[in-house]
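Residues per chain are reported as follows:
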Amino acid sequence: MSQKVTPFMQSLKSLPADYRFDGSPVSDRLENSSGASVRLTNSNVPRKGGLRNGVSRTDTAAGDSEDSPYSGHGVFVEEQSLTDDVDSGAATMPLPQSDERRWSDTSAYARKKILQSWIQLPNGNWELGKILSTSGEESVISLPEGKVIKVISETLVPANPDILDGVDDLMQLSYLNEPSVLYNLNYRYNQDMIYTKAGPVLVAVNPFKEVPLYGNRYIEAYRKKSNESPHVYAIADTAIREMIRDEVNQSIIISGESGAGKTETAKIAMQYLAALGGGSGIEYEILKTNPILEAFGNAKTLRNDNSSRFGKLIEIHFSESGKISGAQIQTFLLEKSRVVQCAEGERSYHIFYQLCAGASPALREKLNLTSAHEYKYLGQSNCYSINGVDDAERFHTVKEALDIVHVSKEDQESVFAMLAAVLWLGNVSFTVIDNENHVEPVADESLSTVAKLIGCNINELTLTLSKRNMRVRNDTIVQKLTLPQAIDARDALAKSIYSCLFDWLVEQINKSLAVGKRRTGRSISILDIYGFESFDKNSFEQFCINYANERLQQHFNRHLFKLEQEEYIQDGIDWTRVDFEDNQNCLSLFEKKPLGLLSLLDEESTFPNGTDLTLANKLKQHLQSNSCFRGDKGKLFTVVHYAGEVTYETTGFLEKNRDLLHSDSIQLLSSCSCLLPQAFASSMLIQSEKPVVGPLYKAGGADSQRLSVATKFKSQLFQLMQRLGNTTPHFIRCIKPNNIQSPGVYEQGLVLQQLRCCGVLEVVRISRSGFPTRMSHQKFSRRYGFLLVENIADRDPLSVSVAILHQFNILPEMYQVGYTKLFFRTGQIGVLEDTRNRTLHGILRVQSSFRGYQARCLLKELKRGISILQSCITLLSQVITLVLHLNLIVMEIL
Ligand SMILES: Nc1ncnc2c1ncn2[C@@H]1O[C@H](COP(=O)(O)OP(=O)(O)OP(=O)(O)O)[C@@H](O)[C@H]1O
């Protein structure tokens, strides 16, 4: 396989010429906890002076240290000779202590002068250098291009030996630090190995191109377990097997930032489940929900041409025999505001452009449809098309998919009519009707088309968009609207029609996929939810998204600790349960009543005079004492999330949280002759009549009481967590390697920021704080048995393993002997591996010396033989000459 390491990374590490990453299932494997295999590849590759006897020291629990867990700085420097390392190092090796620095497994490293180390350059990039000398607090480093620099020894970060290049599980890295993880992911990414395990988590780096990793051949290989490289298929396969074996529902939780590949990953997982659990035909329907949901819920953003603007949980149900029997989809927090406004270079929801491009002439006429350029809602961002996407063709795909999920032709037409109504609403303009600047919609084609499409009286539509009925005590007063108020009313109506349409479609899909009597209660849920977001400006959407991520992170932590510790207990090792500090403090900041972010937001939303500034002041007044909160100036406040600090600006918080549709608009919809607007009105009324667990909103008028968006989202999240809590989770973290959506571009800083945000390194660190390296007794005794001085011919693998541990004086604290496996602390296996390599190297040297000696002896013999031969020949020729001479004399005499 050709090495396509980017120039930067090439400068980081020179790859052995004969190294080939072995993606085949026959490579040297270690079984790890989750049954996934971890490979120690290419053990015969000559090692550079990388990993030697460094024994790692890691923390015992999450969150024990105040430092960033991902900081590459903080290497302790001690003087110690190389030969001392195994013995004295082992004899004095401290146990993991919670107050040690994170990544303290680096400490033993810098002291070895011959070793390589990562150096962070002023531009933030990492470079691999050779430590030439260390004196005092400084080290002299030689960089690959021959430059020699002096650095503070503490800033050096250890590099792993080449044997660990491209390992398919980050847990296998002897030195776990940012540059090593970045290098490893890049190494794999350059060879289209986009999946890597981070302990129990699958990391997927978006390739931004087609990679030859999918399809029937691969599905078959994962099904038969003949391919065990990390993959979404492997995760889906484990989920199916565990669901059947344990009779426990499973979940695949996919997260990552926008454009990282969550939706694609979810589809790949669904593809595998459909292939394995298919047969009844329902799997085809399930797969066809994707084009529908993407058309109605995805849009082009600056970060992703096909960005999902909602969260999604799809629960796939299975029969007793493991066949798919149905599915259910739940959606979260659709970004409604995109319907009426979107930023320059972005688009509204795909379906609008698809309809305009792909509708038949008859449909166009019916809906009075024109080109996308004619609609103001679509025109404001100046972007109508997406490179390489044919909207007309996509429209036909969506119609086909709607047929497949049993949305009737009639209903499809109603759906398209609602879309056209939204587009025409955006074109409704207003004219001033009095000297108090009150307005009325212009009675033009736009207004009449909206009225026709939703089936309402044009006068009623005019009234709804120009006046508001307010109930004051028992009286109703009519308030005329100014231009901004009228525009708000129009846009609120458009947003509500669209979001109700989206919900209605999901409902229809769910009816079509319903399990009914075939329900067995076994399911695999796939969660494709927005990842943690931190932009220059963070608003209400980021506030909700990051709150959701706090909840998911807690789920993640709890699960991972449980899983890890269960394995220790199962294998009977002596293990004291590790308590972990979770993000409960931050969650309380959001959820606490009455003085939490959500409660205070809701409270302020109920005040008619509440503004975004009064909200910000209220938060500062009540939450200042919480360590996860910081009030900043004006409308700014900061939350210390598990993934970092995010500063929010309260502008628009109240309006987005209230999300009011005035009662007049609801009434208008319920008076429509078309069925869909009626259905939308009744669902809105049902919502407002539901027993209210959150606050009521009266700011908009008489009947517009409903749950706030934040409260609804919170209750959805609670339900989600309950559902997930009853499943065995499998986590996939998607990573976006660049912001330009291009293949082959790997931006270190961007990747690092995501690894930090989604806590990947944290998980590996947590997992490694226990006994991250495991090896079966058989494998261990096979690999290291030859090092034993005593004869082991008749001994069983367990006693051979124990003998090896004793012979090398491995401290009892550094390992545990389980029933089936040996468990090692971080870096410990590196010590043995190093000894093994040195011994092999020694054996080779002895062999070559012996062969040299043999060759020299042979040469000497040959030389001696030749000289004997030469003297014989000389003697012979002399004899012949003499004889000839004598002959001549005799002849002369005769
Ligand atoms: N496994 C993959 N193979 C090939 N291309 C991929 C893969 N994963 C993602 N992509 C590419 O990246 C793009 C963005 O992926 P996707 O839409 O899944 O991101 P996302 O994380 O769901 O983003 P958002 O949160 O904005 O919805 C896809 O349209 C596709 O071009």
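Heads up: the structure comes first, above all this text.
Now for a look at the structure at hand. Just so you know, the residues in each chain are numbered from 1, in the order the chain's sequence is written. Totals for whole chains, interfaces and linings use every residue, but because this is a predicted model, local features are given only for residues with pLDDT of at least 70 and side-chain atom pairs only at 80 or more, for both listing and counting. Just so you know, side-chain values use all the structure's heavy atoms and leave hydrogens and water out.

## Some thoughts on the overall build of the chain
What the chain contains, in helices and strands, is 28 helices and 26 strands. The 894 residues of the chain split such that 56% are buried. Computed with the Shrake-Rupley method and a 1.4 Å probe, the accessible areas treat only the protein chains shown as cover for residues. A total of about 38,500 Å² of accessible surface is found on the chain, and carbon and sulfur atoms cover 54% of it. Comment: elements are numbered from the N terminus, with helices defined as DSSP H or I runs of at least four residues and strands as E runs of at least two. Burial here depends on accessible area, computed with a 1.4 Å probe over protein chains only, as a share of the maximum for the residue type. Under 20% is buried, over 50% is exposed, and the range in between is partly exposed.

## Comments concerning the site of the ligand
By nearness alone, 18 residues border the ligand, and Ser 258, Lys 262, Thr 263, Ser 307 and Ser 308 come closest of all. Whenever two N or O atoms come within 3.5 Å, that pair is a polar contact, provided that in protein one can donate a hydrogen and the other can accept it, and provided that, for residues adjacent in sequence, both atoms are side-chain atoms. Here an oxygen atom of the ligand and a backbone polar atom of Gly 259 are 2.7 Å apart. Taking Lys 262, its side chain carries an N or O atom lying 2.7 Å from an oxygen atom of the ligand. Secondary-structure elements contributing two or more residues to the shell around the ligand are α6 (262–277) and β12 (307–308). Amino acids are sorted into nonpolar (Ala, Val, Leu, Ile, Met, Phe, Trp, Tyr, Cys and Pro), charged (Asp, Glu, Lys and Arg) and polar (every other residue, Gly among them). Of the residues contributing to the shell around the ligand, the split by class is five nonpolar, nine polar and four charged. Residues are labelled near a given molecule or strand when at least one of their non-hydrogen atoms is within 4 Å of it.

## Details of the sheet that holds strand β23 (residues 728–735)
One key point about sheets: their strands pair by backbone hydrogen bonds, in either a parallel or an antiparallel sense. Pairing between strands is defined by DSSP: at least two bridges between them are needed. Spatial ordering of the open sheet is given by β8-β9-β23-β10-β19-β13-β14, a layout of seven strands whose pairing is mixed. Strand pairing shows two members of the sheet lacking a second neighbour, β8 (195–198) and β14 (324–332), which therefore form its edges. Going from strand to strand, the sheet's axes swing by 20 degrees on average, the running direction of each strand aside. Sheet analysis places strand β10 (residues 250–255) next to strand β19 (residues 522–528), joined by five bridges and oriented parallel. Bridging from a neighbouring strand, Ile 253 pairs with Leu 527 of β19. Strand contacts of helix α5 (residues 232–246): β8, β9 (201–205), β10, β13 (311–318), β19 and β23, with the helix running at about 170 degrees to β23, the strand carrying the most contacts. As a rule, the C-alpha atoms of each element are fitted with a line to give its axis, helices using only the stretch in contact, and angles between N-to-C directions run from 0 to 180 degrees. Throughout, a contact is declared for two residues whenever any of their heavy atoms are within 4.5 Å.

## Considerations on the packing of helix α7 (residues 282–297) against helix α15 (residues 483–513)
Where α7 meets α15, the closest approach of the two axes is 11 Å, and the angle between their N-to-C directions is 175 degrees. Our classification of the angle between α7 and α15 gives roughly antiparallel. Mapping the contact onto sequence places Ile 282, Glu 285, Ile 286, Thr 289, Ile 292, Leu 293, Ala 295, Phe 296 and Gly 297 in α7 and Tyr 498, Leu 501, Phe 502, Leu 505, Val 506, Ile 509, Ser 512 and Leu 513 in α15. Within the contact of α7 with α15, the residues separate by chemical class into 13 nonpolar, three polar and one charged. Angle categories are assigned with fixed cut-offs, so that under 35 degrees is roughly parallel, over 145 is roughly antiparallel, 65 to 115 is roughly perpendicular, and the rest are oblique.

## Structural notes on the pattern of salt bridges
Every case where a carboxyl oxygen of Asp or Glu lies within 4 Å of a side-chain nitrogen of Lys or Arg is listed as a salt bridge. By the definition in use, this model includes 31 salt bridges. Measuring nitrogen to oxygen at the nearest pair gives 4.0 Å for the salt bridge that ties Arg 303 to Glu 533. Placement of the pair is Arg 303 in the loop between β11 (298–299) and β12 and Glu 533 in the loop between β19 and α16 (540–570), with a sequence separation of 230 residues. For Glu 533, a relative accessible area of 8% translates into the label buried. The partner of Arg 551 in a salt bridge is Glu 591, and the shortest N-O contact between them spans 3.0 Å. In this pair, Arg 551 is assigned in helix α16 and Glu 591 in helix α17 (residues 584–591), connecting sequence segments 40 residues apart. Judged by relative accessible area, Glu 591 falls into the buried class, the value being 13%.

## Re the environment of Cys 500
Within the element layout of this structure, Cys 500 appears in helix α15. Take Cys 500: its relative accessible area is 10%, and that puts it in the buried class. Remark: the alpha-carbon pair of Cys 500 and Ser 683, spanning 183 residues in sequence, is separated by 8.2 Å. Discounting chain neighbours no more than four positions away, the residues touching Cys 500 are Phe 680, Ser 683 and Met 684.

## What about helix α3 (residues 178–189)?
Expected span, for any helix, means 1.5 Å times one less than how many residues it has. Between its first and last C-alpha, α3 extends 16 Å over 12 residues, near the 16 Å set by a 1.5 Å rise per residue. The element α3 is largely enclosed, with a buried count of 12 among its 12 residues. For α3, the set of buried residues is Glu 178, Pro 179, Ser 180, Val 181, Leu 182, Tyr 183, Asn 184, Leu 185, Asn 186, Tyr 187, Arg 188 and Tyr 189.

In short, geometric facts, not functional conclusions.
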